[in-house]
Structures are given as C-alpha cells and as structure tokens.
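These are the residues of each chain, in order.
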Number of protein chains: 4
Amino acid sequence: MTVRAAVAGASGYAGGEVLRLLLGHPDVEIGALTGHSNAGQRLGTLQPHLFPLADRELAATSAEALAGHDVVFLALPHGQSAAVAEQLGPDVLVVDMGADFRLKDAADWTKFYGSEHAGTWPYGLPELPGARATLEGSKRIAVPGCYPTAVSLALFPAYAAGLVESEAVIVAASGTSGAGKAPKPHLLGSEVMGAMSPYGVGGVHRHTPEMIQNLSQAAGEPVTVSFTPTLAPMPRGILATCSARAKPGVDAATARAAYEKAFADEPFVRLLPEGQWPSTAAVHGSNAAQIQLAYDGTAGRLVVISAIDNLTKGTAGGALQSMNIALGLDETTGLSTIGVAP
Amino acid sequence: MTVRAAVAGASGYAGGEVLRLLLGHPDVEIGALTGHSNAGQRLGTLQPHLFPLADRELAATSAEALAGHDVVFLALPHGQSAAVAEQLGPDVLVVDMGADFRLKDAADWTKFYGSEHAGTWPYGLPELPGARATLEGSKRIAVPGCYPTAVSLALFPAYAAGLVESEAVIVAASGTSGAGKAPKPHLLGSEVMGAMSPYGVGGVHRHTPEMIQNLSQAAGEPVTVSFTPTLAPMPRGILATCSARAKPGVDAATARAAYEKAFADEPFVRLLPEGQWPSTAAVHGSNAAQIQLAYDGTAGRLVVISAIDNLTKGTAGGALQSMNIALGLDETTGLSTIGVAP
Amino acid sequence: MTVRAAVAGASGYAGGEVLRLLLGHPDVEIGALTGHSNAGQRLGTLQPHLFPLADRELAATSAEALAGHDVVFLALPHGQSAAVAEQLGPDVLVVDMGADFRLKDAADWTKFYGSEHAGTWPYGLPELPGARATLEGSKRIAVPGCYPTAVSLALFPAYAAGLVESEAVIVAASGTSGAGKAPKPHLLGSEVMGAMSPYGVGGVHRHTPEMIQNLSQAAGEPVTVSFTPTLAPMPRGILATCSARAKPGVDAATARAAYEKAFADEPFVRLLPEGQWPSTAAVHGSNAAQIQLAYDGTAGRLVVISAIDNLTKGTAGGALQSMNIALGLDETTGLSTIGVAP
Amino acid sequence: MTVRAAVAGASGYAGGEVLRLLLGHPDVEIGALTGHSNAGQRLGTLQPHLFPLADRELAATSAEALAGHDVVFLALPHGQSAAVAEQLGPDVLVVDMGADFRLKDAADWTKFYGSEHAGTWPYGLPELPGARATLEGSKRIAVPGCYPTAVSLALFPAYAAGLVESEAVIVAASGTSGAGKAPKPHLLGSEVMGAMSPYGVGGVHRHTPEMIQNLSQAAGEPVTVSFTPTLAPMPRGILATCSARAKPGVDAATARAAYEKAFADEPFVRLLPEGQWPSTAAVHGSNAAQIQLAYDGTAGRLVVISAIDNLTKGTAGGALQSMNIALGLDETTGLSTIGVAP
C-alpha cells in the first residue's frame, strides 16, 4: 500500500524533519506541501538539506490544498490545528505536531495556552502503558511535546513500578531548534553559542502539565513536577535529568530491573549498559532514546537521564512511529535508531 | 606595594587563567612559571592568548623555582599541593586551586579522593557568611571547586534564611574547560560539539561533599545534595539549576527579599531584575556571578539559578579575589564584572 | 544478492561512518569488525550512535579475522593497508579509505608520506571523467581524501572545459572529525570551539598532490595548486573555496553552462540555483555535494565553492558509492542525498 | 584628563563592544548612550554582560542627546553617520564605526552602497604606513571594516616591500557577530552551528573596495582582490587566508624579514614564531592581531594568514586605538593584547 501524505507548515523545523523522514519511508508518497508566509517559494531555498524536494513549491495552507491525502501532518502554530483538522474530514489521518490536542484537562489548556480547549486526541507516545491500543486505527493523533517525550520515557517506569515519591524534579537542556525557526534576537547564533541559559522557570513552561498528565497516569496518583528547561548551544537534542525521592526498599537493583522490564521490547528505547551515560550526540537524527539511571543512596533519590533528538523522537519521528501504528504498518518502518555522529 | 607571584602548573587551563588575570592586576609582578611535562617550553606555544608572556619559559615545578615570591598559586593535580606547600614556608601566601585543602572532614576526603587528608585551609569563597574574616591575613587559601562556587552562591542565602527544606537537588552544566587540558577521547571537539551528556551521576562527583559542607554550614544543620553535572558544548561557563522544597510561609517575595539582602553589598554577584535569567555568555571571562530565582507554587519548590565562568569566578578569579583579601588589598583589584559577549 | 562486508578500523570516525551507512544498505550484511587498541571491546561504548551494533565485539585486525567476506573496508592509518590487502587475495573487493593507493606518482608518495609507494588502485571518485569505467568490476578501490573530493568536484569541470588558467588557489574549512579520533591537545573541544585556525600551510598538506593529480588529469596539462586547509569549530563538513584566473572569453554564462553539463546526470552533485550558496549544514550526514560558482569580472577569476560532509561523501559515502559500481549495484544504493539539518 | 564619551547605537554588537572597552579605559567617562528601536530600555537587558552599566537607560539618538561630549562613537547603520556627525560640530571627536567615510573614491561608494558619497575621513588603521600622522589631532575618524582590517594587516607589508604580484586572493572566515544583531533566519543559532557557508561571493562584498584601496596604496600601484567571505560557527573572530604570486627572487627568508620589519614596533600585531599559526581563539576579546606567513615554492605564492577579533581589533578596539592617537594619549591605553581562552 502507498500512503499519500501532506505536510502543513513545511518550511519550519518540525515540517522539514517530517519531510526528511517521509522521504525514507517506503510506503509513503509525499503530496502537498503548504506554508503561510512562504507560500509560493520553492522548498530548495527553505530546506536546502531536502535535495529531492528542492523544486517542490509551497502552496498556501488550506483545506483544498490538503485535500485528497491519506495522512496530513500539521506543523502549525499552537491553536491553529483544530480549524484545519475539522475541514479534513473523519477519514483522513491527521497527525498534529502542535499542542492543541495533547491535554485532557481543559482548564490546564486555558491556563497555559490562554485559549479555549479544542479537545483531546490519542496521545502519540507509544511507549506509554496502553498507548498503542489507543493509536491503532485512530484517525487523529496528538504528537507529544519534545520535553514531555524525553521526560516521560525517563520517569514513567519509575512511577508505574512505584519506585519513587510523587515529587519529580526535572532539569532539561534543549538544542535551539526546539525554539523554532522564527528569527528572534535571543536565538541568534551570536547569542546562543557559548551560552547556557534557562527559560520558563518556576513551572510556567507549557510542557509542564503534559508531563504531569503522563506521569500521574503512570503512577495512578497525582504527581507534581518541578521543571526547568535550559537552552544549550547545539542545534538539536534534549538531555533530561530527572529525579525523585526513592520509596523505602528501593535500591539500584530493583530500579534497574523495573527499567529493563519496561523497555525490554521497545524498538526505539535503549537502556544503556551500566556505566554508560546518554548523550544527545549519539541520537542525533535518530528516533532512538537513550536511558540510564542511578540510585543515589546518600541523597535517597533515583536519578534517571534520557537523551533524544528533539526533532526526531521528540517530534517528527514520534509522529511517524504513531502514524505507522495507526495505519497498521510495522511501527519501525522508515525510522532509524542510528545516530549521525560525531 | 608590588606582590611577586609565581604560578605552578602554568600550562593548564587554571594556570593560564590565573596568568591572564594577574597580567591585569596593578599590584602584581609575575615571577616564576612552572610546569611538569612542559618544563623548558615557552608559554607562547602553550598559552598563545597570553601575548605579553609569550617568551617566558616554564621551569620544572620545584620549591627552588617557586622560592622568593610573595604569593604562589598552585594549579596542580589533586593530591600534589601539600608536598609543595610545605616547602614554601609559613610566610608565603599559598593559593591552592586544587582540592587538597577544601574539605573539613578527613573521611569525606578519603571517600572521594582515596588518599590521606592533607588538612583544611581557609576557604576562598568570600561571599559565604564569615568567610572574609578567615581570609584576612591568611597565608593559606583553598580555592573552591567551580561547581561548589556556582551552587553555594545560588543556595546559601536560602539556607541561611531558612527558606527551604534540607534536601537540595542540583543539575549543572559546565563548559569543557572544567575537564582540563589533558587530551581524552570523550573531550575531543568532535565528541563534545552538539553533545549534552551527564557524568558522575548519583552523588559520586568529588564536588558533592564540598557543596554539602558549604550549604550545611549556612543552614546550621545537615543538608543533603543530589548533584548531577553535565558537559555542555561550550569552552567555558557553568549554569547551575538548584532547587529545594520551600518551607511553609515562604513565597516569592520573602525569598527575593532574602536574596537581595544577602547580595546587597557583594561586588561580584548580581541578583538579576525579575524576568531576566542568568546566561553563561554574560559572564564569559568575568568574575561576576548572575543569580535569579523563582518560587514554584505548584511544585512547592524554590528554584535558584546561577551562572559563572568556571575558570574565572569558578577558579582563578575567585583565587585573586581571595588573594586580595588576604593581602589587605581592595577585594576587586584586577578583577572585572564585565563579560566578553557575544 | 547479499554482500558480506568487514570493516578494519571500526572504532575510528571513518570506520564508524562506513558502518552507519552499511547498516542502511539493503544488499550488505555486516561481518567482522576489527580494531587495534580497542580489540575486545564492544562497539556500543566506542560508537554509541550505532545502536544495532552495540553488542558487537571488535576482533584484532588480522587476515584471519577479515577472511571470508566479499568486501573489506580498510580504515587504517596511512601505510598499513598494503600489508593487509595482500593477504586478502585477489577475489575480495578491498576498499581502502587510507591514502596508500591514491597517488600515481611514487615520488609524490615518498615526498609527502616518507615511505615506499605501495601502488595505485582505481580511484573512487566516480564523478571524475572516466572514473566509473575503471571502477566497474574492480577488486581494489582507493577512496579519495576528503579535501581532494571537495576540491576536485569544484574544479574539474572548469579544467575539463578549459575555462581557467593552470594556477588554482584553494582555501578549505574542515570539521574536526577530519583530524581523527586520536586525542591530541589541539583537538580538544575547549581548543576548537570558537576557533578557526589553519594548518599544513604552504603546500605541505598531504592532500595537495592528490588534488594536483585530479585537476591536471582533467586539464590535460599540469595544474598548480595553492592549498590552505583550516580547522573549523564543527564536527563535520568541508567547505572548499576554489578559484583560478578565467581564460579570455569566459564569462558567467559559459562557466555555468559547463558546470550544468558536467553534473547534469550526477545523482549526488547538486549545482545550486543561482543566488544560493553551499552550506556544510545542508549536506550533514548525506552523500551529496553542493556546488555554486561566480565569475568575478573585476578580479578576472572564476570562484567555485563546494560543500560536502567529510565523513560521508568525503570518505565512507564515497567508498560505498564506488563499491556499488564495482559490484554492479545501482550506484545510489544505500546512499542518501538528504542532509540532517538544522 | 578625563574624556567624556557618548555612544550612538549602544544596543548593537559594535556599540556593546565599544562600551566594554571604554569601561576599562582609565581616561574615559561614559556619557550618553543612545539607541533607535531600543530607546527607553535599560542596558542591562540589552547588553547583560555590561554589569556596571546595567541600570543605564538608552536615549533616542539625536544631536541633543549626543551634545556635550568630547568623543562620540557612531555605531549606526551605513549611511546614517553623516547627518549625525554634521550636527556635532567640528570640535567634537567623531569616531564612525560605519562605512560612510572609509572610501576615497565616490564612485566606489555609490557602486557598493548605492547612495551618494558622504566624504572621506582619516582612516583608523594605525598600522598602515603614514596612518598615524593623519590621525594625530584629527576630529574625525573612519574606523575600518573588520575584514579590511584583517586583510590589510596580512598583506600591506608584502605590497609595501614589493614581494608579490598585484593579484591578491583572499578567503576569510568570520564569526556571526560580524553580521550584526538584527534577527534574520539564516543567522539563527540552529542555522549557523555546524555550518560553514560563503556569502557575497564574486567581488560583491562591500569590504572589497576598501581592501583594494589599502593594498593599492601600500603597493603604489593598482591591486586586484578576489575576496570570498564565509560565515563560521563561532560568535567572534576573523581568520583571513591571503595569498599572491611571489615576485622573482622572493623566498621565505626575504618575506619573513619584510614582515619582521613591518611589525617590529607594533604593539598590537604579533608575527608568530615560525611553525605557529594564528587562531581566532587566541585573540578572542583582545585588540591583538596574529600573523604568520609561508612561501609555497611549488605554487610560487606567498600565503599570509591573520587572525583578529572582528569586534575588538576589527571594530571597537581599533576605534579606541585611533581615538587614543587622535587625543594624544598613549596608543595602547585601555586596550589589551591578552585573549580570553580557551
């Protein structure tokens, strides 16, 4: 079978990454590419790394341009996906890489995004308990945020196995592509090279409720999250350092056993051998996640660290992985676990 | 008055930074420069940025070579300072940038460094309560580690003011110069560019007991520390993200007031205006520390973030600052709060 | 058909890149992996980005270990390939990624490498006139150096078409992986980040005679090359800026026409649309080369600029491309023209 | 004597660097700071590295705001300096860091900048033969462009000594701060990290006629320049690789002798010892220039390479150096030859 896929928002980083991966997907034929301010331009100048699509022209994002496809990927600014999705009809698989349909709690949405909640779609993080069942055959997929992907993979096994207390402390470093392609002074190369700096400190980052939602579901009880994102001087990658107080009786062995069990059959998650630690460089351009953990007996905390590529596993790769499940394809089709390093 | 200063270990990063700063100190005359494997070489090839010293030749590190100076800076591998210091006599100001004399607890030293404890010298972090008094007139100074400097500045006011519970969680990112100049495969540019990765996870990093020592002293009770260092793709800088559970009654206002009080008269610490966050780029090459804090009401934690240059305020700049105090000079002589940015 | 491939020198950058690409080649089965100092170690710690091969153990490089394969890739230090190749027999396809068999002139070899010349093998730059014919069915392939690949692609059309005089001036910037994985102080991340610096200036770089050989062959007369390599603060990529005095009558149009003709049917070379310039970021991890040219009427020179990934098109990708030709496979099998960007 | 200095355009990179250096100048008192779109904002948020000026507020750029100072530094967009300078009166020292008054040939100005030529001021590159005499006591200074500074220092001795033919080929790599602080997509950190790319190829870069002017003056005859600038993944620094065909009889010794003579008494130019090559890292934040040369006998060319900090010696440092001369101060006052490295 050949799936015709369209991409709305093809000029941005998420859209470009989806196209990079779709070009390597044996069952996908790339259809319409749309943009907003870039409509009418050729992709070769906007995404010069996508050589095979260099001569493709961007159409203006509209229901007409996106019609007639089996799958439509939405890489649009937050709040714009609902209107487009409605017009695409119930039989088209719509994969939203924006935030619109990730949260279950409408109040959370309004608190963090300020607008009215559009709804909740099946959540595209297949590794979460029960997630695959909700994705199979679905026509709507909400792709997780990049930080929630990294953090949920690191901590859900600990909460699912009851290894830790309900207060998680998370500090994550992200490459600059996570901030998007819109030019802003603080994202200039001159500003970010040589610079580590935090932002959205104090629980105000929009990915926080999404992490709480995932971890609380795994724990079966409310989990609190102290999340601090930092901007790192690299184009891609997220390194998430997560910890929580270990429950009585938990030690290094029990913790490791729980993680080995959780990821035993996961094609894209690698629990590293003891002594080896995750690095964003090792997953550059791949859909893999590297995980490692340590039990700090003195501090009484379990520390779990994950590394992913924010654009691949954290966005477009996760989107294709969920698409594969929804369409009944092999989950790994067109996705690689091999990083581009050094 | 003119102070004659010698530097043992002048070919490394700490030694080079001390020389960079000493060259700008109006009261210091640079005397002997010594090295180990580099003895006999000219500094111009080892430290090409130190133009005025390019033709100076390194002597072999020995008591003879270091004799006849008012101040001797030791930038030697851990465990080698004691033997040298003994031979320098009690009247010479010895500033040790190694770890040998930082810890008060001999058991901690042996646990983390494996050798016998050499002793404890006055601790060169002047901003800590009571520290200046112990440094004035002292002939021996133990310069703090770079991570403990960043972390102690971020958290001591919270503990001194009783704002937070006794469990601190710290994740810090450091530039690669913190790992030194000895060539190791994982420190190659090809490996570190584009890479964020942790190391010394689980409470095993040697700077952990030093943080515990400083924070427990400020708190007046034992503090536990969960510390995770990460290597960031930049040559210099430390960004420390520190948090602890806020005590009942603490809020953003009380916390900020405590920090404003703690740093009101500090020449090198800048509590940033609300809404502005620290960046390592802003303190590049300077002796300044940037601090900002946030109270996360949902998570119930106080988050404090500090940025320093690991080689300047974190090592050589802190060393000169303490030297100034010990010698009765103005504490800020020869030190700048101006970063080299972008 | 399935080809069994072995890689000698699997722990280095060239070896790792060959493995990254072989993992995506549908007709190749990866056999023996050998190393020298790393023999006995698992690949997972040496090449953590090669997830599927993490548990493979390196054997010591020997004829026995490499026996029984259809193709053997040699990623060995210069001068070590000949001895190994001899023992592999005439029926095995040996692809040497070292320099040993690139040069035709034994005197050049001895002048630049200091040892005795081992011989000359078919040269693995298929885009050069006549190259494919020499590669088809060959059992020995000398993979070009990374700089000669970038420079020859940029200038051979100009010389083949007689557009320029015989003196070429070339300045190229390379990512640090081109310097290999052996830890040296000047390659530390602390040293290379923020640094542009030249090396091998004045015609002494070992890739110079290889460029002269390729360009002289294209010109049908001796070409002189002034080549200056520089080290750039990035892990991968080569940007080669090449120029030569234009011959009378040459202008922008005639030059562009010659380049369009030269690359019209090349699957991996993209002559960019006018106004767009090559970037190493656009070919990161891909086997593509980007080319653009300008005729500078005031200076009377033709300026041609090429961008490649030094490890892919510049080494391992070029090796697979030539292997495909030698084995009668489609030249593009297992090779991508899609870069990993941003 | 204390000089009151104002800076117009204090929010940009050139303006920020002038302020960084003025803060260290013992004879200067910093007066008015002006901006355009940033008027009314505090400098602490615009230039967070300038700690001592954090609370200073930007005024709108106007003759009134800039009145009453001894020196006014103009860091304005090209073409805006003349109007401001006119209103400042003849007794104020006006140091223009823009391009407006650099060129002598009005036709060149119009060709490369498109507007009418405003005039020609004494040229602020003191190292050029005769330059200091024109700067002493002058009330107007045109600060050279960053590329012309690096290139002129590298090649003027060769042309002044008649070592080379009249065709110079130059390829230079610049840090991203040279492109300014205005946010543009291609200058985003995500785009520039990992990327080397050229721009302004084919003699169209606006700094080309300035190089030709300087080198032709040194040669006493017309010099042609093929100049290709490239953008490098670093915030600061220029590495210029310059070459020209050596005249008969010239060899390594004669060339080196000419350069030793040319720079013997220059406080900011360091001709490196043979075998050592310039690096932008070594001059980071300093007013020094590193120079090295090689005679390529095979290619018959003299290759000269220079490294400077584009913002310091290339802009603001050069501006202060010329200001010192104009005011009769020691030329080196407030300027350092010490780089911030690693």
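Parameters at a glance
- Residues numbered from 1 in each chain as written.
- Chains lettered and ligands numbered in written order.
- Predicted model: local features only at pLDDT ≥ 70, side-chain atom pairs only at ≥ 80, totals over all residues.
- Heavy atoms only, no water.
- Domains from an automatic or database assignment.
- Contact = heavy atoms within 4.5 Å.
- Buried area = accessible area lost by both parts, 1.4 Å probe.
- Salt bridge = Lys/Arg side-chain N within 4 Å of Asp/Glu carboxyl O.
- Polar contact = N/O pair within 3.5 Å; in protein donor to acceptor, adjacent residues only side chain to side chain.
- Helix = DSSP H or I, 4+ residues; strand = E, 2+ residues; numbered from the N terminus.
- Expected span 1.5 Å × (residues − 1).
- Buried < 20%, exposed > 50% of the residue type's maximum accessible area, 1.4 Å probe, protein only.
- Pairing = 2+ DSSP bridges.
- Axes fitted to C-alpha atoms, helices over the stretch in contact; angles between N-to-C directions.
- UniProt positions renumbered as here; feature names shortened; annotations may be inferred.
- Phe/Tyr/Trp six-rings, centres within 6.5 Å; stacked < 30°, edge-to-face > 60°.
- Least-squares fit on C-alpha atoms with pLDDT ≥ 70 in both.
- Parallel < 35°, antiparallel > 145°, perpendicular 65-115°, else oblique.
- Left-handed = near helix turned anticlockwise from the far one by under 90°.
- Nonpolar A, V, L, I, M, F, W, Y, C, P; charged D, E, K, R; others polar.

**Student:** Explain the domain arrangement of chain A to me, please; I cannot follow it from the model alone.
**Tutor:** Size of an interface: often given as the accessible area lost when the parts come together. Residue and element names in this part refer to chain A. By the assigned domains, chain A splits into domain 1 (3-143 + 313-327) and domain 2 (147-310). Once you take the C-alpha centre of each, domain 1 and domain 2 turn out to be 24 Å apart. The interface of domain 1 with domain 2 comprises 27 residues on the first partner and 30 residues on the second. Between domain 1 and domain 2 lies a buried interface of about 2400 Å² when both sides are counted; carbon and sulfur atoms form 52% of it. Here domain 1 is connected to domain 2 by three salt bridges. A salt bridge links Arg 102 to Glu 210; its shortest N-O distance comes to 3.6 Å. Where domain 1 packs against domain 2, one counts 17 residue pairs in polar contact (both at pLDDT 80 or more). Going through the elements one at a time, helix H1 (13-22), helix H5 (106-113) and helix H11 (312-327) are the ones with two or more residues in the side of domain 1 that touches domain 2.

**Student:** How should I be thinking about helix H9 (residues 208-219) of chain D in this particular structure?
**Tutor:** Think of an α-helix as 3.6 residues a turn; residues three or four steps apart then line up on the same face. All names here are of chain D. With twelve residues, H9 ought to run about 16 Å at 1.5 Å a step, and its terminal C-alpha atoms sit 16 Å apart, in line with that. When we look at burial in H9, the residues that qualify are Thr 208, Pro 209, Glu 210, Met 211, Gln 213, Asn 214, Leu 215, Ser 216 and Ala 218. Looking at the buried side of H9, the elements it contacts are helix H5 (106-113), helix H7 (146-160), strand E7 (164-174) and strand E9 (224-231). Trailing H9 by a residue or two, Gly 220 shows a phi angle of about 75°, which is positive.

**Student:** I keep staring at the sheet that holds strand E12 (residues 289-296) of chain D and nothing clicks. Help me out?
**Tutor:** The strands that make up a sheet pair up through hydrogen bonds in the backbone, lying either parallel or antiparallel. All names here are of chain D. If you trace the seven strands from one edge of the open sheet to the other, you get E8-E9-E7-E10-E13-E12-E11, paired in mixed fashion. Only two strands of the sheet have a single partner each, and these edge strands are strand E8 (197-198) and strand E11 (269-271). In this sheet, E9 lies alongside E7 in parallel orientation, the contact comprising eight bridges. Within E9, the position partnered with Val 169 by the bridge is Ser 226. Running over the sheet, helix H10 (residues 252-263) touches E11, E12 and strand E13 (301-308) and is turned about 160° from E12.

**Student:** Which parts of the structure should I look at to understand the UniProt feature "active site" (unreviewed entry) in chain A?
**Tutor:** All names here are of chain A. The positions UniProt marks with the feature "active site" (unreviewed entry) are Cys 146. Take Cys 146: it is sitting in helix H7 (residues 146-160). Those residues in contact with Cys 146 that lie beyond four places of it in its chain are His 207, Ile 238, Ile 308, Asn 310, Gly 314 and Thr 315.

**Student:** Sorry if this is basic, but what is going on with the interface of chain A and chain D here?
**Tutor:** Opposite the 19 residues of chain A that make contact, chain D presents 19 residues. Both sides of the chain A and chain D interface together cover about 1400 Å² of buried area, and 66% of this is carbon and sulfur. On the chain A side of the contact with chain D, Leu 188, Ser 190 and Met 193 of chain A bury the most area, a combined 42% of that side's loss. Connecting chain A to chain D are zero salt bridges.

**Student:** I would appreciate a short explanation of the UniProt feature "domain: Semialdehyde dehydrogenase NAD-binding" (unreviewed entry) in chain A in the present structure.
**Tutor:** Under the UniProt annotation, "domain: Semialdehyde dehydrogenase NAD-binding" (unreviewed entry) lies at residues 4-136 of chain A. In residues 4-136 of chain A, the share of helix is 29% and the share of strand is 17%. The end C-alpha atoms are 19 Å apart.

**Student:** Help me understand the interface of chain B and chain A, please; the structure alone is not making it clear to me.
**Tutor:** At the interface, 41 residues of chain B touch 41 residues of chain A. For the pair chain B and chain A, the summed buried area comes to about 3200 Å², and 65% of that belongs to carbon and sulfur atoms. The three residues of chain B that bury the most area against chain A are Met 196, Pro 198 and Val 201 of chain B, which together make up 16% of that side's buried surface. Connecting chain B to chain A are two salt bridges. At the junction of chain B with chain A, the criterion picks out seven residue pairs in polar contact (both at pLDDT 80 or more). Counting residues per element, the ones that place at least two in the side of chain B that touches chain A are strand E7 (164-174), helix H8 (189-192), strand E8 (197-198), strand E9 (224-231), strand E10 (238-246), strand E12 (289-296) and strand E13 (301-308) of chain B.

**Student:** Any chance you could explain the environment of Gly 119 of chain C here in plain terms?
**Tutor:** Residues and elements named next belong to chain C. The residue Gly 119 is located in the loop between helix H5 (106-113) and helix H6 (131-135) in this model. Along the sequence, Gly 119 and Leu 103 sit 16 residues apart, while their C-alpha atoms lie 7.8 Å from each other. Gly 119 has contacts with Asp 100, Phe 101 and Leu 103, leaving out every residue within four places of it along the chain.

**Student:** Please clarify how the packing of aromatic side chains should be interpreted in this entry.
**Tutor:** Centre-to-centre distance and the angle between the planes together describe a pair of aromatic rings. By the definition in use, this model includes 20 aromatic pairs over all chains. Centroid distance Tyr 147 of chain B to Phe 227 of chain B: 5.0 Å. Interplanar angle 65°. Geometry classified as edge-to-face. Here the residue Tyr 147 of chain B occupies a position in helix H7 (residues 146-160), and Phe 227 of chain B occupies one in strand E9, the gap between them amounting to 80 residues. For Phe 227 of chain B, a relative accessible area of 0% gives the class buried. For the pair Trp 109 of chain C and Tyr 113 of chain C, a centre-to-centre distance of 3.9 Å together with 10° between the ring planes defines the contact as stacked.

**Student:** It is not clear to me how the pairing of strand E10 (residues 238-246) of chain A should be interpreted in this structure. Could you clarify?
**Tutor:** In the case of a regular strand, side chains alternate between the two sheet surfaces. All names here are of chain A. In terms of burial, E10 is a largely internal element, eight of the nine residues being buried. Strand direction decides the pairing type here: strand E7 (residues 164-174) and E10, joined by eight bridges, are antiparallel. Bridged to Val 169 within E10 is Ser 243. Here E10 runs beside strand E13 (residues 301-308); their pairing, made up of eight bridges, is antiparallel. Looking across to E13, one finds that Ser 243 is bridged to Val 303.

**Student:** Teacher, can you tell me more about the relation of the copies chain A and chain D here?
**Tutor:** Copy one and copy two of the chain differ by a rotation about a common axis and a shift along it. For the match of chain A to chain D, the screw axis carries a shift of 0.0 Å, the RMSD comes to 0.0 Å, and the turn is 180°. Expressed as an axis order, the relation between the two copies is that of a two-fold axis. Rotation axis and chain A: the residue whose C-alpha lies nearest the axis is Gly 189 of chain A, separated from it by 1.7 Å. Interface residue correspondence from chain A to chain D reaches 100%, placing this contact among same-surface, isologous pairings.

**Student:** Before we go on, may I ask you to explain the side chain of His 25 of chain B in this structure?
**Tutor:** Residue and element names in this part refer to chain B. Along the polypeptide, His 25 turns up in the loop between helix H1 (13-22) and strand E2 (28-35). Classification of His 25 by relative accessible area gives buried; the value is 3%. Of the polar contacts made by the side chain of His 25, one reaches the side chain of Asn 324; its length is 2.8 Å.

**Student:** Which parts of the structure should I look at to understand the packing of H7 of chain A against helix H9 (residues 208-219) of chain A?
**Tutor:** If you want to describe how two helices pack, look at the angle between their axes and the distance between the axes. Residues and elements named next belong to chain A. As a packed pair, H7 and H9 sit with axes 9 Å apart at the nearest point and diverge in direction by 20°. Taken as axis vectors, H7 and H9 run roughly parallel relative to one another. Judged by the twist between their axes, the crossing of H7 over H9 is right-handed. Contacts between H7 and H9 pair Tyr 147, Pro 148, Val 151, Ser 152, Leu 155, Phe 156, Tyr 159 and Ala 160 from the former with Glu 210, Met 211, Asn 214, Leu 215, Ala 218 and Ala 219 from the latter. The class makeup of the residues in the contact of H7 with H9 is eleven nonpolar, two polar and one charged.

**Student:** So what exactly am I meant to see when it comes to the pairing of strand E12 (residues 289-296) of chain A here?
**Tutor:** All names here are of chain A. Counting buried residues along E12, seven of its eight residues qualify, which places the element largely inside the surrounding structure. In this sheet, E13 lies alongside E12 in antiparallel orientation, the contact comprising seven bridges. The partner of Leu 293 across the bridge, within E13, is Val 304.

**Student:** What is the right way to look at the relation of the copies chain B and chain A in this model?
**Tutor:** Note on the copies: chain B fits chain A at an RMSD of 0.0 Å, the axial shift is 0.0 Å, and the rotation between them is 180°. Interface residue correspondence from chain B to chain A reaches 100%, placing this contact among same-surface, isologous pairings.

**Student:** I keep staring at unusual backbone geometry and nothing clicks. Help me out?
**Tutor:** Negative phi is the rule for most residues except glycine; trans is the rule for most peptide bonds. Backbone torsion omega between Ala 341 of chain C and Pro 342 of chain C reads 0°, so that peptide bond is classified as cis. For Pro 342 of chain C, the location among the structural elements is in the segment after helix H11 (312-327).

**Student:** Even after reading the chapter, I still don't get the pattern of salt bridges, so can you show me in this structure?
**Tutor:** Opposite charge on two side chains allows them to pair when their charged atoms are near. Under the counting rule described, the total for this entry stands at 44 salt bridges over all chains. Of the charged contacts, one joins Lys 313 of chain D and Glu 127 of chain D as a salt bridge, the two residues approaching to 2.9 Å between their closest N and O atoms. In this pair, Lys 313 of chain D is assigned in helix H11 (residues 312-327) and Glu 127 of chain D in the loop between H5 and helix H6 (131-135), connecting sequence segments 186 residues apart. Per residue, the accessibility class of Lys 313 of chain D equals that of Glu 127 of chain D, and both read buried. Within the structure, one salt-bridge network assembled from shared partners comprises Glu 17, Arg 20, Arg 236 and Asp 309 of chain A.

**Student:** Looking at this structure, I do not really get the sheet that holds E7 of chain A. What am I missing?
**Tutor:** On the basis of which strands lie adjacent, the open sheet formed by seven strands has the order E8-E9-E7-E10-E13-E12-E11 (chain A) and mixed pairing. Across the chains shown, the open sheet's two edge strands, defined by having one partner strand only, are strand E8 (197-198) and strand E11 (269-271) of chain A.

**Student:** Can you walk me through the environment of Leu 88 of chain B in this structure?
**Tutor:** Residues and elements named next belong to chain B. Within the fold, Leu 88 resides in helix H4 (residues 81-88). Judged by its relative accessible area of 10%, Leu 88 falls in the buried class. Along the backbone, Leu 88 and Gly 249 are 161 residues apart, and their C-alpha atoms lie at a distance of 53 Å. Residue contacts for Leu 88: discarding those within four places in its chain leaves Leu 66, Val 72 and Val 94.

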